[in-house]
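# Secondary and tertiary structure notes
Next come the chains, spelled out residue by residue.
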Amino acid sequence: MKLFLRFLGFLFAAGTILFVVGVAAAAGLLWHFSKDLPDYSQLQDYEPPVMTRVHAANGSLVGEYARERRLYIPIQAVPKQVINGFLAAEDKNFYEHGGLDFTGIARAGVNYIQSYGSGRRPQGASTITQQVAKNFLLTNEISLARKVKEALLALKIERTYSKEKILELYLNEIYLGLGAYGIAAASLVYFDKSVNELTTPEIAYLAALPKAPNNYHPFRQRERAIERRNWVLDRMAEAGFIKAADADKAKRTALGMTTKPTSVHIFAAEYFAEEVRRELYERYGEKKLYEGGLSIRTTLDTKLQVLARQTLTDGLVKFDEGQGWRGPVSKIDISGDWGTKLAEVKALSDISPWRLAVVLEASDQSARIGLQPGREPGGYISKERTIGILPLEGLRWAKSGGKAVTKVGQVINPGDVVYVAPAKNEGQFRLHQVPEVSGAMVVEDPWTGRVLAMVGGFSYDQSQFNRATQALRQPGSSFKPIVYAAALDNGYTPSTVVLDAPLEIDQGPGLGVWKPENYEGKFYGPSTLRFGLEHSRNVMTVRLAQDVGMPLIAEYAKRVGIYDDLPPYLSFALGAGETTLLRMVTAYAMLDNGGRRVKPTLIDRIQDRYGHTVYRHDERECIGCDGQKWSNQPEPSLIDRRQQVLDPMTAYQITSMMEGVVLRGTAAGAGFQKEVGKPVAGKTGTTNEEKDAWFIGFTPDIVVGVYIGYDKPRHLANRATGGALAAPIVKDFLKAALADKPGVPFRVPAGIKLIRVDAKSGMRAGPGTERAILEAFKPGTAPPDSYSVVGYGNGEGSGENAGRAWGQGVSPDADRAVRSGTGGLY
């Protein structure tokens, strides 16, 4: 008995020693792993990378920029059923345990023993708290050390943070596949819904993803995805979150994916969105742009943007087709499955409804074509094959060498890959080709500088170069209104007469003599400033610039933002300097709004991730706008401190003169008066050798600018002027944009006098004057009573120089008009 008691004592002592040693070892291990634990207090100030979202003026989503597509959502905004789905799938005892689920650990241990040697991955027993610890503070390393640290951190996190905070961290951090982080982004990416709109089977599918999103890919692993989703539905029913009958019903539904695009979300807005992205990058840097969760409200008018894209591309295509057919995009072997081969040909993705097609058969009157098959979700080529007919009428434009097209075979042959678009008759198509020529369009609000639409080229997929903001081009005669504005601001009137006659300018030693010419090669003698601007007379403009002085013109060009430092050479008065379309449109906006400075902007407002406004374009001060209720206080008023860069009366005079450009000048042939039917002013521009064609037009409340030219400037075509190419595009845009809006006349500023004058001489009109117009005069000015001519009799107009200036190439009618005694100083 004593021996037995001694043995028990020995066992007790040994057990005690082992227990003490075990406790000491465990304490040592805990101390060892605890000393290197990350600081979990950083979770309190957790700011995950959140994507920046860009919206149009009407709230439509334009684009998203992120390294991790995440939208942070507070736990209070997460529907209860969404939480239940993730708890059922990941941690059903979440609200009962203190960070470690010992029941789950035991269950995982039993499962491991049962499946030992099967090669299957062991079942995990990590709680949501442990996953938070791993995802935020540790790595994905598979080791005992990491698991111990994970468990220790989970216990500390549970003691520090509420269950709701832990869930909020988890549901916003987890990766759920397809580039989506967190449930808010995932619900948009997978189903194009907010979390509040998710159905039970959709919630179950998202809850199935945290373990291994790629294993349950909705397209590549559809069967496994459905199986895993159904497993989650069973767990939800088992936990009492849904009824068994509802789970069975949900399991019979399809996955129902409606994936959200990751690129620009508004068709035709690619150039606009990229310009916004560049500005954000320059303003805030890369990290803030892609991780800062900024919310940007842009100036984009979605309807005007689509219209601008359509009218510009139509104009580019019309001009390009007039230059003839250049041949197919590619050629493929049509034997066997032509669809698979055609699918491999790269097509531009942003020129819908154009599609690539291959010619299968060709007869004299038509061709049988096969359309490029689409791709199913997951990138697989569709097995569906669509056949169409390309009739002779659909390719008659495709002349080559000037020969009329009488047979389809003159243009295309079997195996040719070409672009086509649906024709009016169902099943028939029209041939197209991607234009070589390019251009840009900008639409701006003249009162605020808000860019309502921007198109930087034919196709963003083809070229990301934004010709509206990055292309430096010569504006040609579209710069002339600035020259005339400088003159009107300094003593001239629209009725001032300037000599339009041959002119020779000595450029200095070794540079020769410059002889500016008018586009038509003719001269019209003494003409009013209005006539000179309406008909874009180059020689008149040079004489005016000589008289006004190029330094003053350079100052005006700087004021309106066209050039920062215009060289003082007379050729620059004809638009020889390079600038951008956006700068030109903004300058015209200042002419339109009465001479007030505006800064062009694509962004109205920027908010940070917390909703605080960090930038606002409108800098006007609103006095009295913060009133909470009406208490007979004065009405709110806006204080506009923007600089007045041009006399409002000068701005109106130039606007009135540019109305004449549209009604009877170089843009009259575009048909503004007949087709738009509302007051429009504008100016054409055609550069040397017809390399660029410009038109900038405006109404009282909108400015539209277009230029057309090759990216490597070269001759466009004979008679390819701004009035023939660019003005019709602006006309088509304004016709559609203003179709449902009333015609509003340009605002006449106080002090302006409207006086009837003779349109030809500029002098006051009499009772029998046939061509009389209303001309705008400032206080203290009036139509001339005598006929005086700028550029005649001031050194250039005397002796030998006078003979050179006046006798060469002048229209006989103009010569008789001056020499027959109209009188005055010449």
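All figures in this text were calculated on a predicted structure; none of them were measured in a lab.

Calculation criteria
Residues numbered from 1 in each chain as written. Predicted model: local features only at pLDDT ≥ 70, side-chain atom pairs only at ≥ 80, totals over all residues. Heavy atoms only, no water. Pairing = 2+ DSSP bridges. Helix = DSSP H or I, 4+ residues; strand = E, 2+ residues; numbered from the N terminus. Axes fitted to C-alpha atoms, helices over the stretch in contact; angles between N-to-C directions. Contact = heavy atoms within 4.5 Å. Salt bridge = Lys/Arg side-chain N within 4 Å of Asp/Glu carboxyl O. Buried < 20%, exposed > 50% of the residue type's maximum accessible area, 1.4 Å probe, protein only. Core = buried A, V, L, I, M, F, W, Y, C linked by side-chain atoms within 4.5 Å. Polar contact = N/O pair within 3.5 Å; in protein donor to acceptor, adjacent residues only side chain to side chain. pLDDT = per-residue confidence, 0-100. Lys, Arg positive; Asp, Glu negative; His and termini not counted.

Another aspect to go through is the sheet that holds strand S1 (residues 52-55). Read from one edge of the open sheet, 5 strands run S2-S1-S5-S18-S19, paired in mixed fashion. The outermost strands of the open sheet, each flanked by one partner alone, are strand S2 (61-65) and strand S19 (613-616). For this sheet, the mean angle separating the axes of adjacent strands, direction not counted, is 15 degrees. With 3 bridges joining them, strand S18 (residues 603-607) and S19 adopt antiparallel strand pairing. When the bridges of S19 are listed, Ile-606 appears paired with Tyr-615. Relative to the sheet, helix H11 (residues 270-284) contacts S1, S2, strand S5 (295-298), S18 and S19, its axis offset from that of S18 by approximately 50 degrees.

Pairs may arise between side chains of opposite charge once their charged atoms sit close together. For the structure shown, the criterion picks out 51 salt bridges. The residue Arg-235 makes a salt bridge to Glu-238 at a minimum N-O spacing of 3.2 Å. Of the two residues, Arg-235 and Glu-238 both sit in helix H9 (residues 222-238), 3 residues apart, roughly one turn of that helix. Given a relative accessible area of 22%, Arg-235 falls into the partly exposed group. By relative accessible area, Glu-238 is classed as exposed at 51%. A salt bridge links Arg-596 to Asp-640; its shortest N-O distance comes to 4.0 Å. Placement of Arg-596 in the loop between helix H19 (581-592) and S18 and of Asp-640 in the loop between strand S21 (637-639) and helix H20 (648-664) is noted, with a sequence separation of 44 residues between them. Note on Arg-596: relative accessible area 25%, which makes it partly exposed. Here the salt bridges share partners, and the residues they tie into one network are Arg-67, Glu-286, Lys-287 and Glu-291.

Attention now moves to the nonpolar core. One finds Phe-479, Tyr-484, Leu-529, Leu-544, Ile-553, Leu-566 and Ile-654 to be the most contacted residues of the largest nonpolar core, which totals 86 residues. A per-element tally of this core places H19 first, with 9 residues. Residues within four places of Phe-479 in sequence aside, it is in contact with Ile-553, Ala-557, Ile-562, Tyr-563, Leu-566, Phe-572, Ala-573, Gly-575 and Met-584. Counting residues in each nonpolar core, the second largest holds 57 residues, with Ala-89, Phe-94, Ala-204 and Ala-208 among its members.

What follows covers the pairing of strand S22 (residues 681-686). Along S22, 6 of the 6 residues are buried, which leaves the element largely enclosed by surrounding structure. Of the two faces of S22, both are covered, the one formed by Ala-681, Lys-683 and Gly-685 as well as the one formed by Gly-682, Thr-684 and Thr-686. Linking S22 to strand S23 (residues 692-699), which pair antiparallel, is a turn of 5 residues; within it Glu-689 sits at a positive phi near 60 degrees.

This part is about the side chain of Glu-173. Examined against the element boundaries, Glu-173 turns out to sit in helix H6 (residues 163-173). For Glu-173, a relative accessible area of 18% puts it in the buried group. A polar contact is formed between the side chain of Glu-173 and the side chain of Arg-70, at a distance of 3.5 Å.

What follows deals with the confidence of the model for the protein chain. Detailed reading of the predicted model is not advised wherever pLDDT is low. Per-residue confidence for the protein chain gives a mean pLDDT of 86; residues scoring 70 or more make up 85%. Under a pLDDT of 50 for its full length, residues 794-826 has, in the predicted model, 54 contacts with residues more than four places off or in other chains.

Turning our attention to the side chain of Lys-683. Mapped onto the elements of the fold, Lys-683 is located in strand S22. Buried within the structure, Lys-683 lacks any salt-bridge partner; its nearest side chain of opposite charge belongs to Glu-520, at an N-O separation of 9.8 Å. Of the polar contacts made by the side chain of Lys-683, one reaches the side chain of Ser-536; its length is 3.0 Å.

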